[in-house]
Structures are given as structure tokens and as C-alpha cells.
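This is what each chain is made of:
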Amino acid sequence: MKKKLRVCIIDLITNAASKDSWRRVMFPNFAGIMPQVIAIWCEQQGHDVQLLTFTGFEDLAEEVPVDTDIVFISAFTQAALLAYALSNRLRSHGAVTVLGGPHARCYPEDACKYFDYVLGFTDKDLIKDVLQDCHQNRPVGEYLASLRNPGSLPGVRERWRFIEDVLKKALLLRMVPMIGSMGCPYTCSFCIDSTVPYQPLSTEIIQEDLRFFLTKFKKPLVSWYYPNFGVRFNEIMGAIEEAVPPGSIRFAAESSLSLLSEPHLKILKKNGFVAMLPGIESWYDMGNKSGTGRRAGMEKVQRVSDHVNTIMSYIPYVQTNFVIGLDCDEGPEPFELTKLFVDKCPGAFPGYSVLTAFGRSAPLYLDYQRTNRVLPFPFHFLNNNQAMNVKPKNYEWPEFYEHLIDLNAYTFSWSAIYKRFKSSRMNLPRWLNLMRAVSEGWGRLKYHKKVLHLLKNDRKFRAYFEGETTELHPFYIDIIKKDLGPLWKWLPKEALHHDTNAYLKSVEA
């Protein structure tokens, strides 16, 4: 007879405790789907399961049980050091620890130093094998992966008690994530899913989930938790229209501009879509994704601006996503073009991400590693904003940060905030944009200014950015120490450093 295990699953939404109002509103809505799925799979094997979702307002040192047999932790790379500290603490009490999620896929060589198991693509059979094996693999953990993503996942009805627990933490806004496909049909060179085959999930399960929502909420808000909603537009919209009355559920989705034609926008509006997050990425590249073909520079700005304003005439909330620091960028022009876009589309909220190479997540990062352009910033800062870990091709570091600060200051000035507030047609988008600008926008602006000051005035700090030293500056150590709080003492000191060329070495080997 197999042993009944005490299983704990920890979903790390963020990497630090926080009292920030924007995070309080939004982070409970970002709960991962796979931690809930794994909880169901573990229960189906007859084990006792506890799922904890860390949104920044829980006390992990107190809430995570140490008297458990096996712990699964899901983490993005920014939460890797928090995951490592938790694993070290739990292993000291005899628990077997397992890491999954994006960090496990991006940095398996590093993660295996701190976990007994590290999982890539994960399906039900793989979880069953881990539970049956369930032994300590030390000093180096075992990397396991299925051949592909699972073909189906437990639906919302099965996962509801886990969803409901985390939604209780949400203030003002309660949004339930759903997923309609895995992988991606696009080949964006910087994306973790660019090499993962596109795989739609069952529309029957999606329809069942949507009908179930109407039994729990008067007018649910559902976010599609994948970046390419609408690739099979007629199929997914047909499934929605067949399952629930038009407008009975509100939807938010991330999509590419090329899929958001006006006929599609009319259908989306009819069916209750209230938020869209299209990717613009660059003014000189990604033309297929933005639907602008070979157009670039000023011509692309005008074309995209007109398109985004058309989207906003149908969809109340629009966030446009940009990647800052790509190799195609040079001089002040990319930043000035983005400021022009901000003027032309005052109602859209611009989301800026600095170029970040996440280990083995994309083939492009091999080129950066071959040319020694990847810097060893601790994982804690790899969140697309706090550290650009790729040396820019066409900028000196102070110059780059001066442009980045200028763009953020322009985007989140009181004038731009007022125009964004005034341009929104509904109250909730207005106040969300205001909260986000003040909390996230001003917070990042303040942080970038500190970095620029140190780049100009601290030789050792600048040397780290230039790749002349790997000695970590106290500026970064102090942030990690503060964010981890009482778990700092459990962080293995060697975890502050990682091999930036592990992907390249594994390929060459």
C-alpha cells in the first residue's frame, strides 16, 4: 500500500512582502493555473494537499508548514531566490522539494543545486512518478520533463476551491484566469514560448468553465492567461457565444495587434471584452505581430496609433507592451517615437519591459552568451524592469538609463496621467490607470534614477554593468535582504550568483 503523503504547493506570485495598494488589488488575480492543476493531480493520487498562494501579503515564514513530506514550488525567475530560501528551510526539516514554473524551464542547471526535483514540461504522469519516487536527490537534484505540454487540464469546476481561496484576498477587482492554448504560433526571438508548438485546449472544457462562472458571479471577469488569444478567432469566439449569453461575462486578454481587426473588435465588444493587452514591442521590428509588415519608425507609429485608438473605441482598457533596449534600437529616436505614441494614444497604458535574457528560454539568448553580453544580475532582479541583464548593443549604460528615465517621466507625468484618466470611458479603467501610474510608474522611475546615479558616481557599480567584475554591489544585496526578510538567513549565499552561460555550455557540450 502506497504511503499517503502530506503535500504542500506554493505559488509564488511575487518575490517580496508588500503593502502596496496596486499589488493588493491586482496580485491575487495573478494566481497560477498549474499549481492548482498539480494540487488536483496530487489529490487524485490519494494524498493530503495544501495550496498556498503568496501575493506579498502573507507571512511565508509562518504559513508554510515544515512538517510536510513533499513541497512543490512554482516560481518565475524574479522569485527564484525566495524559492531557494524556502527549499533550503524545508529540506532542513526533511521535506523533499520540487521546483516548477518558468524559472525551472529557464535555469534548470542552477535550480537543481537547491531542489530535489526540477520540472520542465509537466503532465499528470510526471507528477505521479515524482510522488511515487519522492526521495532526496542531493547535492544535485534531478531534472525531469515530459515530451510536451499536457493535452488537457482540470477545469475551473474542479479547481474552484483553490481559486476561491485566493480570490478572497482580492480587493476592488476579482478576476479569474483561464487558458485556451499552450505554446505559441509566433516566433518572437525573446519569448519563452517561441519554440513551443502551439496547442489549443478543448473548447468543450472552456465552455463548461464559462457556464460554471455564471453560477458563482453575477457578472464574472475572466482573464485569458496566455499571450496569443484569438489565434483561432472564429473557433474560440464561437465557443464563447455558444456557451454563454453575449455580455454576461467580462473578458480580458493579451493578443497581437494583427489579430485585432475592426470586424474582430466588434465581435469582442459584443461578447463582453473590456481589456486587451496587445504587443507592439518595437518600432523597428516585430512587424508581423503588430500587423505593420515592413513599416518602421514614424510610419509604424502612425499606423499603430490609429489602430490602438480604433481598439479603444471598442475596448475600454488597453495596455500596449514594449520591449526597450533591443538591438535594433539606436540613439534617442526609439524613445522619442514612444513618447509620440503616448501623445497620440493618451488613453492606452504603456507597459515597458527592458530586454532581459532568461537563461535557456529563447534561442536568441545563445547569441548574447556567445558574445559575452549577459550580465550575472541575481535572479531577484530579472523581472523585466529592475535589471537589464544584456549589455545594450548601441548605448552606453548611462545614456540608456537617461533615455529610459526620460521616457518614464514623460509617460507618468501628471499631464499624461490626467490625459489617460480623461480619455478612459469607464470609471474602473480610469482608477486602475491612476493607481498603477502612481504605484508602479513612479516606483520604477525612482528606482531607475538610483541606478543612473550609481552608474555615474560609483566606479564599482559601473564595473559590474560593464562585465569587469562579478562582485555584487551592496545596493543589490540590501534589496534582496530586505525583500526576503526572515527567510534571508535560509538563502544559500552561493545562490546570489549563477552561471550566465549555462545554456551555451549545455548546447556546446
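Residues numbered from 1 in each chain as written. Predicted model: local features only at pLDDT ≥ 70, side-chain atom pairs only at ≥ 80, totals over all residues. Heavy atoms only, no water.

A. View of the sheet that holds strand β14 (residues 349-354). An order of β7-β10-β11-β12-β13-β14 is seen for the six strands of this open sheet, with the pairing classed as parallel. Both edges of this open sheet fall to β7 (176-178) and β14, since each of them pairs with a single strand only. Going across the sheet, the axis of each strand differs from the next one's by a mean of 20 degrees, ignoring polarity. When strand β11 (residues 250-256) meets strand β12 (residues 273-281), the two strands line up parallel, connected through six bridges. If you follow alanine 252 over to β12, its bridge partner there is alanine 275. (Pairing = 2+ DSSP bridges. Helix = DSSP H or I, 4+ residues; strand = E, 2+ residues; numbered from the N terminus. Axes fitted to C-alpha atoms, helices over the stretch in contact; angles between N-to-C directions.)

B. Seen up close, the nonpolar core. Counting 123 residues, the largest nonpolar core has Leu12, Trp224 and Phe273 as its most contacted members. If one sorts the elements of this core by residue count, helix α4 (residues 80-92) sits on top with eight residues. Residues within four places of phenylalanine 273 in sequence aside, it is in contact with Trp224, Phe229, Met237, Ile240, Phe251, Ala253, Leu268, Ile315 and Pro316. Within the second largest apolar cluster, 27 residues are counted, among which are Leu119, Val130, Leu144 and Leu201. (Core = buried A, V, L, I, M, F, W, Y, C linked by side-chain atoms within 4.5 Å. Buried < 20%, exposed > 50% of the residue type's maximum accessible area, 1.4 Å probe, protein only. Contact = heavy atoms within 4.5 Å.)

C. Structural detail: the environment of arginine 24. Here arginine 24 shows up in helix α1 (residues 21-26). Relative accessible area serves as the criterion here: at 32%, arginine 24 is assigned to the partly exposed category. Taking the C-alpha atoms as reference points, arginine 24 and leucine 172, 148 residues apart in sequence, are found 9.2 Å from one another. Look past the residues within four positions of arginine 24 in its chain and what remains in contact with it is Phe57, Lys169, Ala170 and Leu171.

D. A look at the packing of helix α16 (residues 397-411) against helix α18 (residues 427-457). Interhelical geometry of α16 versus α18 gives an angle of 160 degrees and a closest axis separation of 10 Å. Taken together, α16 and α18 sit at an angle that is classed as roughly antiparallel. Viewed along their axes, α16 and α18 form a crossing whose handedness is left-handed. Residues Trp397, Pro398, Tyr401, Glu402, Leu404, Ile405, Asn408 and Ala409 of α16 pack against Leu445, His448, Lys449, Val451, Leu452, Leu455 and Lys456 of α18. Its residues placed into classes, the contact of α16 with α18 shows 10 nonpolar, two polar and three charged. (Parallel < 35°, antiparallel > 145°, perpendicular 65-115°, else oblique. Left-handed = near helix turned anticlockwise from the far one by under 90°. Nonpolar A, V, L, I, M, F, W, Y, C, P; charged D, E, K, R; others polar.)

E. Structural view of helix α20 (residues 474-484). Listing the buried residues of α20 in full gives Phe475, Tyr476, Ile479, Ile480 and Leu484. For α20, the angular spread of buried residues about the axis comes to 150 degrees, placing them on one side. Contact partners of the buried residues in α20: α4, α18 and α19 (459-465). Just beyond α20, the residue with positive phi is glycine 485, at close to 55 degrees. (Arc of directions from axis to C-beta.)

F. Spatial organisation of the layout of surface pockets. Estimates place the volume of the second largest pocket at around 280 Å³. The wall of the second largest pocket is formed by 16 residues, among which Arg105, Phe121, Thr195, Val196 and Arg360 lie closest to the centre. Of the residues belonging to the lining of the second largest pocket, the class tally is 10 nonpolar, four polar and two charged. (1 Å grid on protein atoms, 1.4 Å probe; cavity = no way out; pocket = protein on both sides within 12 Å on 5 of 7 lines; lining within 4 Å. Points joined across faces, edges and corners; volume = space filled by probe spheres on them.)

G. A look at empty space enclosed by the protein. The tally for this structure, following the rule as stated, stands at six cavities of 30 Å³ or more. Lining the largest cavity we find 14 residues, and of these Leu153, Ile179, Leu201, Ile205 and Asp209 sit closest to its centre. Of the residues contributing to the lining of the largest cavity, the split by class is eight nonpolar, four polar and two charged. Volume-wise, the second largest cavity comes out at about 100 Å³. Taken together, 14 residues line the second largest cavity, and the ones lying closest to its centre are Gly180, Tyr198, Tyr226, Arg232 and Ile236.

H. Expanded view of the environment of valine 308. Mapped onto the fold, valine 308 is located in helix α13 (residues 298-312). Spatially, the C-alpha atom of valine 308 lies 9.3 Å from that of leucine 260, the residues being 48 residues apart in sequence. Leaving out residues up to four positions away in the same chain, valine 308 has contacts with Leu257, Val318, Thr320, Phe341, Cys345 and Ala348.

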